[in-house]
Amino acid sequence: MEKKFGFGGFGGSLKVDSVQALAANLGPEIPDIYVRPERKEDIVADEEDSGESFPVIDFGRLFDSKCSEEEAAKLHSACQGWGFFQLVNHGIPEDVISKLRQDTEQFFKLPLEEKEKIAQLPGQTEGYGQFLVQSKKHKLDWADRLGFVTFPPNNKQLKFWPTNPPSFRETIDAYAIEIKKVANGLLKMISKNLGLEFEKFYDIFKGGIQYFRFNYYPPCPSPEKVLGLCPHSDPMGLTILLQVNDLQGLQIRRKDRWLPVQVIPGALIINIGDIIEILSNRKYKSIVHRAVVNNEKERLSVAAFHSLNIGDLVGPIPEIVKGDELLYKSLQYEEYFKQVVASKLEGKTILDHMKLDK
Ligand SMILES: O=C(O)CCC(=O)C(=O)O
Ligand SMILES: [Fe+2]
């Protein structure tokens, strides 16, 4: 099928109030819709308490013939055992990242009316607003979001792209290209590590969607009562996350505890998403993660999701399954994506729909 139409029409989200605007005028009471009673049960352990060292991969070493094998083995164990790692020495020019940081911060400082010029529309998954809020009864995240497709060019809907600050579009394009290079490099190494041809995963994702989500988490007077982003695995393939203003808040779920991630300055965070879990027939598992907020300062992050596209099949790759038990069904990407949009982003919901071993 020709991949030519924009990425609308798959369902959307209910409109909700801006949390940034709410937080600016808030007394000590947090509206109930944001309060998460389950946070009382949190078990949180930092890296030292967890007794494990969180995986860090050096992108340069992956492609240096002198140490590639050793670094690829580390990558394999991070993908297999964690579904998460920090990526250092990724080679993205510092000015590209600092421009993205600046423009992102400036965008969220704009008055609400200005940001709402690119508000999400009914039935759409792009624009400024919220994502995957399907019912007025759902608890809400303590965050505002901006999201849109950045690749391939013919899937871009520029009407959802900011024009303020004036350099933002150019900045996003430059960063998107760099992030795609990093994603391609990782996908090739992941292929090799899974015993496939070097280019296999790269080919599968080549014409795929790259979608950016900008997360803005305002400070909250009772941060322990709310969540910036509820627990979820990313329904796409590979996520590359940048902490914009170096404020910590990301936590990963491991061994029934929440582990706060201390992001190394300049590092990118990589998450294995549900599509890689499915393609690899669960050789690699997606990681459940969430974001918490604090009471002093806003936190910002930019997630770049790498996915497939209309006409592609989401299902275990036969060369990987071989004689193993088949764990997931296969679905056309459009059907898969419709399910994603119709579901509440919580836990591993999508994988539950795709499982064969119930
Ligand atoms: O802000 C963060 O640290 C996490 C963002 C995230 O998980 C997402 O946008 O899917
Ligand atoms: Fe995520």
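Every chain begins its residue count from 1, and numbering advances along the sequence as written. A letter from A marks each chain and a number from 1 marks each ligand, given out in the order of writing. Given that this is a predicted model, residues contribute local features only at a pLDDT of at least 70 and side-chain atom pairs are listed and counted only at 80 or more, while totals for whole chains, interfaces and linings are drawn from all residues. The basis for every side-chain value is the complete set of heavy atoms in the structure, and neither hydrogens nor water enter the calculation.

- The name given to the protein chain in an unreviewed UniProt entry is Fe2OG dioxygenase domain-containing protein, and the organism recorded there is Dendrobium nobile.
- Check the Sequence similarities (unreviewed entry) section of the UniProt entry for the protein chain; it says "Belongs to the iron/ascorbate-dependent oxidoreductase family." UniProt positions are given in the numbering used here, feature names are shortened, and annotations may be inferred rather than shown by experiment.

### As for the sheet that holds strand β12 (residues 299-306)
Hydrogen bonds along the backbone pair up the strands of a sheet, which may run parallel or antiparallel.
So, point 1. One open sheet holds the 8 strands; their spatial order is β1-β2-β10-β7-β12-β5-β4-β3, and the pairing between them is mixed. Edge positions in the sheet fall to β1 (56-58) and β3 (127-129), since each has one partner strand and no second. The sheet shows a mean angle of 25° between the axes of neighbouring strands, direction not considered.
So, point 2. The sheet contact formed by β1 and strand β2 (residues 84-88) spans 3 bridges and is parallel. From the neighbouring strand, V56 faces β2, where its bridge partner is Q86.
So, point 3. In the packing of helix α5 (residues 94-109) onto the sheet, contacts are made with β3, β4 (144-151), β5 (210-217), β7 (238-243) and β12, and the angle to β12 comes to roughly 115°. Following DSSP output, two strands are said to pair if at least two bridges run between them. Here a strand is any run of E in DSSP of at least two residues, a helix any run of H or I of at least four, and the numbering for each starts at the N terminus. A fitted line through C-alpha atoms serves as each axis, taken over the contacting stretch for helices, and the angle formed by two N-to-C directions is quoted from 0 to 180°. Whether two residues touch is decided by their heavy atoms; if any such pair falls within 4.5 Å, the residues are in contact.

### Let's talk about the pairing of strand β9 (residues 257-260)
Taken residue by residue, a regular strand's side chains alternate between the two faces of the sheet.
So, point 1. Across 4 bridges, strand β8 (residues 250-254) lies against β9 in antiparallel orientation. Looking across to β9, one finds that Q251 is bridged to P260.
So, point 2. Connecting β8 to the antiparallel partner β9 that follows it, the hairpin turn spans 2 residues, and K255 within it adopts a positive phi of roughly 50°.

### So, the nonpolar core
So, point 1. L186, I190, F201, F214 and Y336 are the most contacted members of the largest nonpolar core, which totals 90 residues.
So, point 2. The greatest single-element share of this core, amounting to 11 residues, is contributed by helix α7 (residues 168-193).
So, point 3. The residues contacting F214, other than those within four sequence positions of it, are L100, T104, F108, D144, R145, L146, F148, F168, I172, S301 and V302.
So, point 4. Residues enter a nonpolar core if they are buried and are Ala, Val, Leu, Ile, Met, Phe, Trp, Tyr or Cys, with the set joined through side-chain atoms within 4.5 Å. Relative accessible area decides the class of each residue, using a 1.4 Å probe on protein chains only: under 20% of the type maximum gives buried, over 50% gives exposed, and in between gives partly exposed. With 14 residues, the next largest nonpolar core counts I30, A143, Y217 and L345 among its residues.

### Re the UniProt feature "domain: Fe2OG dioxygenase" (unreviewed entry) in the protein chain
So, point 1. UniProt records the feature "domain: Fe2OG dioxygenase" (unreviewed entry) at residues 208-308, using the numbering of this structure.
So, point 2. In residues 208-308, the share of helix is 6% and the share of strand is 43%. The end C-alpha atoms are 4 Å apart.

### Notes on the pairing of β4
So, point 1. Of all the 8 residues making up β4, 8 are buried; the element is thus mostly covered by neighbouring parts of the structure.
So, point 2. As paired strands, β3 and β4 are joined by 3 bridges and run antiparallel to one another. The residue bridging G129 from the neighbouring strand is R145, located in β4.
So, point 3. Both β4 and β5 contribute to a ladder of 7 bridges, which runs antiparallel. If you follow F151 over to β5, its bridge partner there is Q210.

### Remarks on the pattern of salt bridges
So, point 1. By convention in these notes, a salt bridge is any Lys or Arg side-chain nitrogen within 4 Å of a carboxyl oxygen on Asp or Glu. As enumerated under the stated definition, the model contains 24 salt bridges in all.
So, point 2. In this structure, the salt-bridge partner of D42 is R39, at a minimum N-O distance of 3.1 Å.
So, point 3. Since its relative accessible area comes to 22%, D42 is described here as partly exposed.
So, point 4. The buried category is assigned to R39, whose relative accessible area is 14%.
So, point 5. Measuring nitrogen to oxygen at the nearest pair gives 3.3 Å for the salt bridge that ties R61 to E70.
So, point 6. Residue class for R61 comes out partly exposed when judged on its relative accessible area of 28%.
So, point 7. Members of the salt-bridge network, linked through shared partners, are R61, E70, E71 and K74.

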